[in-house]
Amino acid sequence: MHLSDLPPRPGKKAPSIELRRFAGGATHAEQLDHLRIAHLTDLHFGRVTPLAVQRAAIDLANAQEADLVVITGDFVCHSQMFLDQLVAELSRLRAPALGVLGNHDYWSGADEVAAALRRANVEVLRNAWTERLIRGQRVQIVGLDDAYTGHADRRQALKGLRTDVASIGLSHIAEEADALWDRGVPLVFAGHTHAGQVTLARLHELALGRLVGHKYVHGLYGSRAPNGEPAGPEGAVYVGAGIGAAVMPIRLGERGRRELAVFELGAEARVEDEHHGEQPAHAGRKPSPELTEKRRAAVHKKMWKREVREAKRSLR
Ligand SMILES: [Fe+2]
């Protein structure tokens, strides 16, 4: 038994997870009638995040009676040791669930994480799209594989996507959204940043925006207005603050709290009900091809180390 398997101590408060609500954009308002999307990201099943936290996230998602649950990567932390927990918890989702992988999933074993997700009835989109029919409404869901480790292939993911059918995008890395907007995907869900986890004094914007070079740090960016009016891009991206952590479970500051975001596509936008509106993007800095190559190589190195470890174990 691991520490994270233990039930919460008697009298200990249940983990708190923020519920943040948003309306969909103008394109979806024309195409859909009240389609509710619940967005979770960075669950990070592993040693760092107590299981009670992921359990609370799944309970909160179920309570929203969403039409779809989308999960944008980093299902695990650093290993495959917690895949059984992942399967047990994600199997409890009542709405159809779809997801894309993140860098931690690649570092821990992308194929094994994807197989576990399929066991939990979560459809994994690896540079692919799929169509769901929900209460007579068709929606296409495009899923990009992890861009951080160099596995995103937009051309492959978008092949054959119809522009006359409603669509949403999923990508662990939010900066991929711009290219999806250009191909008629007006709303993209993303994760990876954990909103910086510590957002006091806007520390997260300094650290992730200026130092790391993220254009999108946490929350809503882009535009949901018709044709991006007046001067915005023709699309929006939502970067979730996530549920778990890979290094330190600490979360300080309102924006840094664990969250579930709920988007009502096709519903009338009531700005007063929303947690916040579209924010200006940071300048951003694209990773160089060399850096992406280095990150891709790191995945292979970790895979090789895992295989050596397993081979040694089987010889014992
Ligand atoms: Fe993460």
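In short, a report on the structure. All values reported here derive from a predicted model rather than from experimental measurement.

Comments concerning the overall build of the protein
Alright, step 1. On a plain count of helices and strands, the protein comes out with eight helices and twelve strands.
Alright, step 2. Computed over its C-alpha atoms, the radius of gyration of the protein comes to 19 Å, within 12% of the 20 Å expected for a compact globule of 316 residues.
Alright, step 3. Looking at the protein as a whole, 47% of its 316 residues qualify as buried.
Alright, step 4. Contacts in the protein between residues far apart in sequence, at least 24 positions, make up 75% of those at least 6 positions apart.

Brief notes about the pairing of strand β11 (residues 236-239)
Alright, step 1. Judged by which residues are buried, β11 turns out to be covered on both faces: A236 and Y238 on one side and V237 and V239 on the other are all buried.
Alright, step 2. Relative to β11, strand β10 (residues 219-222) runs antiparallel, the two being bridged by four bridges. Of the residues in β11, the one forming a bridge with G219 is V239.

Examining the nonpolar core
Alright, step 1. Core analysis: the largest hydrophobic core is formed by 81 residues, its most contacted members being A57 and V237.
Alright, step 2. Top element by residues in this core is helix α4 (residues 103-119). It accounts for seven residues.
Alright, step 3. Sequence-distant contacts of V237, defined by excluding residues within four places in its chain, comprise A174, A177, V188, A190, Y216, Y221 and G222.

Concerning the environment of A97
Alright, step 1. For A97, the position within the fold is in strand β4 (residues 97-100).
Alright, step 2. Note: C-alpha distance between A97 and D67 (30 residues apart in sequence) is 9.1 Å.

Remarks on the sheet that holds strand β12 (residues 259-265)
Either a parallel or an antiparallel arrangement is found when strands of a sheet pair, and the pairing is made through backbone hydrogen bonds.
Alright, step 1. The six strands are arranged β1-β12-β2-β3-β4-β5 in an open sheet whose pairing can be described as mixed. Strands at the two margins of the open sheet, each flanked by one partner only, are β1 (18-23) and β5 (122-124). Strand after strand, the sheet turns through a mean of 25° between neighbouring axes, direction not considered.
Alright, step 2. Here strand β2 (residues 35-40) pairs with β12 via five bridges, running antiparallel. From the neighbouring strand, A38 faces β12, where its bridge partner is V262.

Describing unusual backbone geometry
It is generally the case that most residues other than glycine have a negative phi and that most peptide bonds are trans.
Alright, step 1. The phi torsion at D74 lies on the positive side, around 55°, for a residue other than glycine.
Alright, step 2. Since 32 C-beta atoms lie within 10 Å of it, D74 is described here as buried.

What counts as what
- Residues numbered from 1 in each chain as written.
- Predicted model: local features only at pLDDT ≥ 70, side-chain atom pairs only at ≥ 80, totals over all residues.
- Helix = DSSP H or I, 4+ residues; strand = E, 2+ residues; numbered from the N terminus.
- Rg over C-alpha atoms; globule rule 2.2 N^0.38 Å.
- Buried ≥ 20, exposed ≤ 12 C-beta atoms within 10 Å, placed from the backbone.
- Contact = placed C-beta atoms within 7 Å.
- Pairing = 2+ DSSP bridges.
- Core = buried A, V, L, I, M, F, W, Y, C linked by C-beta atoms within 7 Å.
- Axes fitted to C-alpha atoms, helices over the stretch in contact; angles between N-to-C directions.

Honestly, that's just the spatial picture; any functional story needs more than this.
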